[in-house]
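Read off the chains here:
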Amino acid sequence: MTVGYDAIWGALPFPAFVIARDNSVELSNPAAEQLLNVSSRQMRGRSVTEMFGKNTVFADTIDKARTGADRVTQYNVVVSVAENTTLPCTLKVCNFDNSNNTLLVIIEPTGSAEKIHRSLTHLSAVRTVTTMAGMFAHEIRNPLAGISGAAQLLGMNAEPDDAELAELIGQEASRIGSLVDRVESFIDQRPIERQAVNIHDVLDRAIRAAQAGYARTIRFIKEFDPSLPEASGDPDMLLRAIQNIVKNATEAVDDHRGVIRIRTFYQTGIRFSAGGNRTESLPLQVEIVDNGPGIPPTLIAEVFEPFVTSKAEGSGLGLALVSQTVAAHGGMVECESENGRTVFRIRLPVWQM
C-alpha cells in the first residue's frame, strides 16, 4: 500500500483483511489484530480456513465472491474468531485488485456498528436542542423577568392572601428560570481548550463530592489502572459529565446496599469520527457500574437523547449533556443495562503533545 492508503487502512474502525488469490491473508489492519489478538506479521500467509475454520460463513462468503459476484454482503451472521468465541457481525467482501484476484474483507461487529450509529444519532439530537435553546431562551427570559418584577411589586402592596399568591408567582418564575439555565447549558459551542488530564484525579473528585453529600451510605469500589496515560480534554467539563453519571447511579441503587464500581483500563482498536476526515483513537476506558434495578428496556436505546427520563421529577437533560460533552472531546459514551447491573462506558482519546 502507498503512504496515503496506509493511513486510511490504519484508521478503519472495523477489522479488515486483504485475501490473496490462494485464500491466504495478505494484509490485515490494526482492528483485525485487536479482534484476533494476532499481529499482522503472524497472520500474513495463513489460510482463511486456518484462521476462521472450514465450512464457515467467512470461508463461504469468500467462495461466493470468487464465483463472480463483485460484492457480497452477509448481514446478521456469526463469525468464529477464536476457540469457542463467536462474533455477531455484518460481513462484507469485494474485489480489491482484479489483476491479482485479491479480495477485501471487512467485519463490522453488530454491536459496535449499532453503538457508533447510536452515538452519532444522540449527538445529532443534542445539536438540535442546542439550536432550539438558542432560539427560545432569550424569548423566555424577557417575559419571565417581567413576571418576576410584577410579582415583587404586587407583593409589596398586597393584602396578606394576595401577597402569598404573589410570592408563589415569584417562586414559580424562579423555577422556570432555573430550567432555562439548564437548557442554556447546551448553547456554549466554543472549542474545548484541551490539556493533559489525569482521569483518575477527575474520578476521585467526583467520588469525594458524592460521598460528602448525596451518597454517604453508598459503597464505592475503585479499580483504576495505574499505568493509564493522560486523557485529552477539559478536566472541569469531564468532571461535570462524570458527576452526572455518578449522581444517576446513586439515585438508582439502594441507599444501604448500593454499590458503584468505577473502573479504568486501556483498550486499543476503537476509533470514532471527530469531524471532517479526522478520526480519534479512543483507547482510554472509564466504566461506571451500579447494582441498581436497571434502565427500562423501552428507554435504553434513547437514554442519551434530550428530554428522555424515567424520573418523575427529571428534566431528561443530564445524560444528553454527558453525551454532548464526551462527543466534544472526540469520545463516545455507551450504556448497557439489565436488572442488577447498569454500565456507563466512556471512551476518550489520549493526550498528545
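Residues numbered from 1 in each chain as written. Predicted model: local features only at pLDDT ≥ 70, side-chain atom pairs only at ≥ 80, totals over all residues. Heavy atoms only, no water.

### So, the overall build of the protein chain
Alright, step 1. Scanning the protein chain from N- to C-terminus turns up eleven helices and 14 strands.
Alright, step 2. For the protein chain, the proportion of its 353 residues judged to be buried stands at 39%.
Alright, step 3. Nonlocal contacts in the protein chain, meaning residues at least 24 apart in sequence, comprise 62% of its contacts between residues at least 6 apart.
Alright, step 4. For the protein chain, the computed accessible surface area is about 19,400 Å², with 51% contributed by carbon and sulfur atoms. (Helix = DSSP H or I, 4+ residues; strand = E, 2+ residues; numbered from the N terminus. Buried < 20%, exposed > 50% of the residue type's maximum accessible area, 1.4 Å probe, protein only. Contact = heavy atoms within 4.5 Å. Areas by Shrake-Rupley, 256 points an atom, 1.4 Å probe, with all protein chains shown as cover.)

### Digging into a negative patch on the surface
Alright, step 1. Together, Glu159, Asp161, Asp162, Glu164 and Glu167 make up a negatively charged patch on the protein surface.
Alright, step 2. When you line up the elements, aspartate 162 lands in helix H7 (residues 160–184). (Patch = residues over 30% accessible without salt bridge, like charges linked within 9 Å, V, L, I, M, F, W, Y side chains within 5 Å. Salt bridge = Lys/Arg side-chain N within 4 Å of Asp/Glu carboxyl O. Lys, Arg positive; Asp, Glu negative; His and termini not counted. Charge placed at Lys NZ, Arg CZ, Asp CG, Glu CD.)

### So, the pairing of strand E1 (residues 16–19)
Alright, step 1. Side chains of E1 alternate between two faces, with Ala16 and Val18 and Phe17 and Ile19 buried alike.
Alright, step 2. As defined by bridge partners, E1 adjoins strand E5 (residues 102–109) across four bridges and the pair is classed as antiparallel. By the bridge assignment, valine 18 is partnered in E5 with leucine 104.
Alright, step 3. Count of turn residues in the E1/strand E2 (residues 25–28) antiparallel hairpin: five residues, of which asparagine 23 carries a positive phi of about 65 degrees. (Pairing = 2+ DSSP bridges.)

### Side note on the environment of serine 174
Alright, step 1. Tracing the chain through its elements places serine 174 in helix H7.
Alright, step 2. In this structure serine 174 comes out as partly exposed when scored by relative accessible area, which is 46%.
Alright, step 3. With 29 residues separating them in the primary sequence, serine 174 and alanine 145 have C-alpha atoms 9.4 Å apart.

### Some points on the packing of aromatic side chains
Alright, step 1. Within the structure shown, the criterion is met by three aromatic pairs.
Alright, step 2. Between phenylalanine 52 and phenylalanine 58 the ring centres are 3.8 Å apart and the planes differ by 10 degrees, which places this aromatic pair in the stacked class. The same class applies to phenylalanine 52 as to phenylalanine 58, namely buried.
Alright, step 3. Aromatic ring contacts, followed pair by pair, group Phe17, Phe52 and Phe58 into a single cluster.
Alright, step 4. Its end group placed over the ring of tyrosine 214, lysine 247 keeps NZ or CZ at 5.2 Å from the ring centre.
Alright, step 5. Geometry around phenylalanine 265 places arginine 263 over its ring, the cationic atom sitting 4.0 Å from the centre. (Phe/Tyr/Trp six-rings, centres within 6.5 Å; stacked < 30°, edge-to-face > 60°. Lys NZ or Arg CZ within 6 Å of the ring centre and 35° of its normal.)

### Re the packing of helix H9 (residues 235–252) against helix H11 (residues 318–328)
Alright, step 1. Here H9 crosses H11 at 145 degrees, and the two axes come no closer than 9 Å. Once H9 is placed against H11, the crossing between them reads as left-handed. Facing H9, whose interface residues are Met237, Ala241, Asn244, Ile245 and Asn248, H11 presents Gly318, Leu319, Val322 and Thr325.
Alright, step 2. A class-by-class count of the residues in the contact of H9 with H11 yields five nonpolar, four polar and no charged. (Axes fitted to C-alpha atoms, helices over the stretch in contact; angles between N-to-C directions. Left-handed = near helix turned anticlockwise from the far one by under 90°. Nonpolar A, V, L, I, M, F, W, Y, C, P; charged D, E, K, R; others polar.)

### So, the confidence of the model for the protein chain
Alright, step 1. In the predicted model, the protein chain carries a mean pLDDT of 80, and the fraction of residues at 70 or more is 78%.
Alright, step 2. Here strand E10 (residues 271–273) stands out as the least confident element of the protein chain, with mean pLDDT 54; strand E7 (residues 219–223) is the most confident, with 96. (pLDDT = per-residue confidence, 0-100.)

### What to know about the nonpolar core
Alright, step 1. Formed by 35 residues in total, the largest nonpolar core has its most connected members in Ile199, Phe220, Ile242, Ile262, Ile288, Ile346 and Leu348.
Alright, step 2. Broken down by secondary-structure element, the contributors of at least two residues to this core are helix H8 (199–212), H9, strand E9 (259–266), strand E12 (284–290), H11, strand E13 (332–338) and strand E14 (341–348).
Alright, step 3. Residues in contact with isoleucine 346, not counting those within four places in the same chain, are Ile242, Ile245, Leu284, Gln285, Val286, Val326, Met332 and Val333.
Alright, step 4. With 25 residues, the next largest nonpolar core counts Val38, Val77, Val79 and Leu103 among its residues. (Core = buried A, V, L, I, M, F, W, Y, C linked by side-chain atoms within 4.5 Å.)

### Quick notes on H11
Every α-helix carries 3.6 residues per turn, so stepping three or four residues along brings you back to the same face.
Alright, step 1. The buried count for H11 comes to eight of eleven residues, which makes it a mostly enclosed element.
Alright, step 2. For H11, every residue scored as buried is listed here: Gly318, Leu319, Ala320, Val322, Ser323, Gln324, Thr325 and Val326.
Alright, step 3. A positive phi of about 80 degrees marks glycine 330, the residue just after H11.

### With respect to the packing of H8 against H9
Alright, step 1. Where H8 contacts H9, the two axes come as close as 9 Å, and the packing angle between them is 45 degrees. As the angle between them shows, H8 and H9 are arranged oblique. H9 is crossed by H8, and the crossing has right-handed handedness. Between H8, through Ile199, Val202, Leu203, Arg205, Ala206, Ala209 and Ala210, and H9, the contact on the second element is made entirely by Pro235, Asp236, Leu238, Leu239, Ile242, Gln243 and Val246. (Parallel < 35°, antiparallel > 145°, perpendicular 65-115°, else oblique.)

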